Amino acid sequence: MVSRIGSGSGPQPVNATYDSAPISNERVVVEVQPVKESVQQPSADEQHELTKMEAKKLTEGMNNFLESVNVQLRFKYHDKLNEYYVTIVDSKTDEVVREIPPKKLLDMHAAMKDFIGLLVDHKI
């Protein structure tokens, strides 16, 4: 039983029946098409690597932005992996606040590469 709100003289029941409605269980499938994902190749502009001057300019811009919170970005080179990682340093105390990715993780990765090199002579 459902009543209407605001009818004035109290709730009035609303009767509804579903016996007269036709029920159709038939479903027709016309055509099934597979979903395709389009993979776009990066353009020549997206494959552009940063030059040393561009990287320095971007770093200086980020450091200027971060001066308000007294931190600096520093890029450090990991000798064993031949890759750079970022350290966030407190500019007042020269204390490392965060490393991205953590240096311990990079050291573990380098140690695993050395260990795999002992087991496998060369890549196929």
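The structure this text deals with has already been given above.
Computed from a predicted model, the values in this text were never measured in an experiment.

How each quantity is defined
- Residues numbered from 1 in each chain as written.
- Predicted model: local features only at pLDDT ≥ 70, side-chain atom pairs only at ≥ 80, totals over all residues.
- Heavy atoms only, no water.
- Phe/Tyr/Trp six-rings, centres within 6.5 Å; stacked < 30°, edge-to-face > 60°.
- Buried < 20%, exposed > 50% of the residue type's maximum accessible area, 1.4 Å probe, protein only.
- Pairing = 2+ DSSP bridges.
- Helix = DSSP H or I, 4+ residues; strand = E, 2+ residues; numbered from the N terminus.
- Core = buried A, V, L, I, M, F, W, Y, C linked by side-chain atoms within 4.5 Å.
- Contact = heavy atoms within 4.5 Å.
- Polar contact = N/O pair within 3.5 Å; in protein donor to acceptor, adjacent residues only side chain to side chain.

## Here's the deal with the packing of aromatic side chains
Taken as a whole and judged by the stated rule, the model has 1 aromatic pair. Ring geometry for Tyr 77 against Tyr 84: centres 5.0 Å apart, planes inclined by 65 degrees, an arrangement best described as edge-to-face. Classification of Tyr 77 by relative accessible area gives partly exposed; the value is 39%.

## Digging into the pairing of strand E5 (residues 96-100)
Bridge count between strand E4 (residues 83-90) and E5: 4 bridges; the pairing is antiparallel. Bridge pairing in E5 links Val 89 to Val 96. Hairpin geometry of E4 and E5 is characterised by an intervening segment of 5 residues between the two adjacent antiparallel strands and by a positive phi of about 60 degrees at Asp 94.

## Examining the nonpolar core
Ranked by size, the top nonpolar core spans 5 residues in total: Leu 66, Val 71, Leu 73, Val 86 and Ile 88. Secondary structure elements with two or more residues in this core: strand E3 (71-78) and E4. Those residues in contact with Leu 66 that sit more than four places away from it in its chain are Val 71 and Leu 73.

## Topic: the side chain of Thr 59
Its location among the elements puts Thr 59 in helix H1 (residues 52-66). For Thr 59, a relative accessible area of 13% corresponds to the buried category. Engagement of the side chain of Thr 59 in a polar contact is seen with the backbone oxygen of Ala 55, the distance being 2.7 Å. Sequence-distant contacts of Thr 59, defined by excluding residues within four places in its chain, comprise Leu 73 and Phe 75.

The analysis is restricted to geometry; functional conclusions fall outside its scope.
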